[in-house]
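# Chains, contacts and geometry: an overview
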Amino acid sequence: MAGVCRLLRHAVPRPDYLVTEAHAILIQLCPFAIMTNKFPWYKLTRLPSRFKTRLRERGIRDTVAWVFYQVSWRWYEWRMGIQTDEHGYGVDCPDAGDYNGYEPTDYRCLPTIFNYLGPDFSKSVFLDYGCGLGRVVISAAQHPFRRVLGVEYSEELAQLANRQIARIAPRLRCADVQVIHADAVTFAVPEDVNAIFLLNSFTGAVLEGALLQLRASLRSRPRELNLIYMFPHDYVDRLSKVDWLEAVCELPTQKWSYFKCVVYRNIESQRADQTNEILSSKAD
Ligand SMILES: C[S@@+](CC[C@H](N)C(=O)[O-])C[C@H]1O[C@@H](n2cnc3c(N)ncnc32)[C@H](O)[C@@H]1O
């Protein structure tokens, strides 16, 4: 009898396990349900002509790689239980003057960016300026950053991003991840932020306002800061004229996206480093 009981205990899953599993399955189905509900199905009718044009213009190798990417990122998001595509939630966030609308970064660019910021992630606090549905925030949080932040102007996008983050929190390597609903112009950059990502989220006066906030934060607590700036390759690099930023290098993202990716660093911190070096060599 005791043997039969033991056997049953092992054969029948524990109720808490069943609840966890059911929850996991629902989470997997949830983005799919949302997608099927809100997905602009008419776009599918354009697929054959897009495919044919691509094949004609770029050749078979590029087209096969493109199809592979389209399938693989959707598969990845489905597995993770997230939706960061611009049509994912049927959210409409168009461009408005200096505020640019939502367009997520191509996943293939992200390893290059995080390789640049690594390997010692635990010393960095990462901020995505205009994070939308949180693709870059979630990808950053899969590295052991000390903290990962996103700032988003659209309240709807910020809420959706936070909901997704809460859902997948146990699968992230960074424990402190948050999207803040704010305008970059008025958002006071926390004094521990030392890695910033900006995918052409805003231009003109909004960009100037955000840079003023960043400068104020760096003045209040001087530190070295990497600013990774992505902008359409045929646009003017608006940061090249900022006298307290210096272009350090360009990351090779153009083979996957029409965005150029330039890494900037604040000049004052380098001067401070040099001064420290001189002082310590004098002390020796
Ligand atoms: C090009 S998307 C970038 C999305 C995300 N960073 C990524 O790479 O996947 C621009 C985002 O910036 C947001 N945005 C535009 N102006 C903003 C502002 N002044 N403050 C905060 N977010 C802003 C938009 O709502 C949009 O979601």
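Owing to the predicted nature of the structure, the values given are computational and were not obtained by experimental measurement. (Residues numbered from 1 in each chain as written. Predicted model: local features only at pLDDT ≥ 70, side-chain atom pairs only at ≥ 80, totals over all residues.)

## A short note on the overall build of the protein
- Counting its secondary structure elements, the protein contains eight helices and seven strands.
- Within the protein, the proportion of its 284 residues that are buried is 25%.
- Considering only contacts within the protein whose residues lie at least 6 apart along the sequence, 70% involve residues at least 24 apart. (Helix = DSSP H or I, 4+ residues; strand = E, 2+ residues; numbered from the N terminus. Buried ≥ 20, exposed ≤ 12 C-beta atoms within 10 Å, placed from the backbone. Contact = placed C-beta atoms within 7 Å.)

## A closer look at the site of the ligand
- Near the ligand, the surroundings consist of 27 residues, among which Gly130, Gly132, Tyr153, Ala184 and Ser201 are the closest.
- Elements represented by at least two residues in the shell around the ligand include exactly α5 (135-140) and β2 (147-152). (Near = placed C-beta within 6 Å.)

## Some words on helix α3 (residues 47-80)
- Over its 34 residues, α3 extends only 25 Å from the first C-alpha to the last, a length that falls short of the 50 Å expected when each residue adds 1.5 Å.
- Taking the largest bend as the criterion, α3 deviates by roughly 125°, centred on Gly59.
- Taken across its 34 residues, α3 has one buried, putting it largely on the surface.
- One or two positions beyond α3, positive phi appears at Gly81, with a value near 75°. (Expected span 1.5 Å × (residues − 1). Bend = angle between axes of the 7 residues up to and from the residue.)

## A short note on the environment of Arg215
- Within the element layout of this structure, Arg215 appears in helix α7 (residues 204-220).
- On the neighbour-count criterion, Arg215 (16 C-beta atoms within 10 Å) is partly exposed.
- Along the backbone, Arg215 and Val189 are 26 residues apart, and their C-alpha atoms lie at a distance of 9.0 Å.

## Notes on unusual backbone geometry
- Note that the residue after Gly118, namely Pro119, is joined by a cis bond; omega there is 0°.
- Take Pro119: it is sitting in the loop between α4 (110-117) and β1 (125-129).
- Even without being a glycine, Asn200 presents a positive backbone phi close to 40°.
- With respect to the secondary-structure elements, Asn200 resides in the loop between β4 (195-199) and α7.
- By the C-beta count within 10 Å, which is 18 here, Asn200 ends up partly exposed.

## Observations regarding the sheet that holds strand β5 (residues 226-232)
- Taken together, the seven strands give an open sheet; going across it, the order is β3-β2-β1-β4-β5-β7-β6, and neighbouring strands pair in mixed fashion. Each edge of the sheet is formed by a strand with only one pairing partner; in this case those strands are β3 (177-181) and β6 (245-251). When strand polarity is set aside, the average angle formed by the axes of neighbouring strands in this sheet is 20°.
- Contacts between helix α6 (residues 155-168) and the sheet are confined to β2 and β3, with β3 contributing the most and set at about 165° to the helix. (Pairing = 2+ DSSP bridges. Axes fitted to C-alpha atoms, helices over the stretch in contact; angles between N-to-C directions.)

## Remarks on the environment of Ala182
- Residue placement: Ala182 occurs in the loop between β3 and β4.
- Of the residues examined, Ala182 has 14 C-beta atoms within 10 Å and is grouped as partly exposed.
- When the C-alpha positions of Ala182 and Tyr153 are compared, they lie 5.1 Å apart, and in sequence the two are 29 residues distant.
- Excluding anything up to four places from it in sequence, Ala182 contacts Val151 and Phe187.

## Notes on α6
- Taking 1.5 Å of rise per residue, the 14 residues of α6 would be expected to cover 20 Å, and the 20 Å separating its terminal C-alpha atoms lies within 8% of that figure.
- Next to the buried residues of α6 lie α5, β2 and β3.

## Considerations on the pairing of β2
- Counting buried positions along β2 gives five out of six residues, so the element sits mostly inside the fold.
- In this view, the connection linking β1 to its parallel neighbour β2 by way of α5 has right-handed handedness.
- Two elements, β2 and β3, share five bridges in a ladder whose sense is parallel. Looking at β3, one finds that Glu152 is bridged to His181. (Right-handed = clockwise from strand over helix to strand, strands pointing away.)

## So, the pairing of β1
- For β1, the tally of buried residues reaches five of five residues, placing the bulk of the element in the interior.
- A two-sided burial pattern is seen for β1, the buried positions comprising Val125, Leu127 and Tyr129 on one face and Phe126 and Asp128 on the other.
- Sheet topology note: the β1/β4 ladder contains three bridges and is parallel. The partner of Phe126 across the bridge, within β4, is Ala195.

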